[in-house]
Amino acid sequence: MRDTLPYVLILYYSRHGATRSMAEQLAAGVESCTGIEARLRTVPPVSPTCEAVDPDIPAEGAVYAELDDLRHCAGLALGSPTRFGNMAAPLKYFIDATSALWLNGALVDKPATAFTSTSSLHGGQETTLVSMLLPLLHHGMVYAGLPYSETDLMTTAAGGTPYGASHVAGQRSDRPLADSESRLVHAQGKRLAHLALALVRMRAEAR
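Bear in mind the structure is a predicted one, so any value in this text is a computation, not a measurement.

Visitor: Requested: an account of the state of the cysteines, with residues and values cited.
Guide: For the coordinates displayed, the defined rule picks out zero disulfides. Considering cysteine sulfurs only, Cys 73 is the nearest to Cys 33, which forms no disulfide, with 16 Å between them. For Cys 33, a relative accessible area of 6% corresponds to the buried category. The class of Cys 73 is buried, set by a relative accessible area of 2%.

Visitor: Provide a residue-level description of the pattern of salt bridges, including the pertinent values.
Guide: One pass over the structure, following the stated rule, counts six salt bridges. A salt bridge links Arg 183 to Asp 152; its shortest N-O distance comes to 2.8 Å. Residue Arg 183 is found in helix H7 (residues 179–206), and its partner Asp 152 is found in helix H6 (residues 152–155); the two are separated by 31 residues along the sequence.

Visitor: Break down empty space enclosed by the protein for me, with residues and values.
Guide: All chains considered together, the criterion is met by one cavity of 30 Å³ or more. Taken as a whole, the largest cavity encloses approximately 50 Å³ of empty space. Along its surface, the largest cavity is lined by Leu 70, Leu 76, Leu 78, Ile 95, Thr 98, Leu 107, Pro 135, Leu 136, His 139 and Met 141. If you list the elements that add at least two residues to the lining of the largest cavity, you get strand E3 (75–81) and helix H5 (125–138).

Rules used in this analysis
Residues numbered from 1 in each chain as written. Predicted model: local features only at pLDDT ≥ 70, side-chain atom pairs only at ≥ 80, totals over all residues. Heavy atoms only, no water. Disulfide = S-S within 2.5 Å. Buried < 20%, exposed > 50% of the residue type's maximum accessible area, 1.4 Å probe, protein only. Salt bridge = Lys/Arg side-chain N within 4 Å of Asp/Glu carboxyl O. Helix = DSSP H or I, 4+ residues; strand = E, 2+ residues; numbered from the N terminus. 1 Å grid on protein atoms, 1.4 Å probe; cavity = no way out; pocket = protein on both sides within 12 Å on 5 of 7 lines; lining within 4 Å. Points joined across faces, edges and corners; volume = space filled by probe spheres on them.

Listed below in structure tokens is the structure:
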């Protein structure tokens, strides 16, 4: 049974917790808007050993995503740490299995965004965000980055890009979100929620 309120799906992979912290802050931005909810979901790690099997429910954090989480969402935010300037394999593995949604146009005209975390300031943040953007465009989604009306983009000495929020986690991946990073990812969630509600109304009026 579907929820009464529309929801933004925040789908992320996080190994050391930095991307998870961003996802939680983005969820707070979504839920600062009336009439919409945030749904946090993660994906299991990918093992190079074929026999390795992860438990169905992770020990902590968000539960694993299912295709129906995407199918029924009003908006989507993808989050991943960088892997050589690309999204992490576990998130790509999940996205690569969404062909049925693509064939049915389930995500067409829904808003989407992306966020990332890296160890270093120039560690591939923007290319990682673009790598997550590409499958969203193939799904027909409406991509929403961060506009420069968010003044932290002009002054940040940490993360933050017009392609989406980002975070510099440090060499040990233990650096907390800077104030500017936190504000930007919160604003990104709020913007996505507003767009999701507007597009929900637009689709309803077109019926």
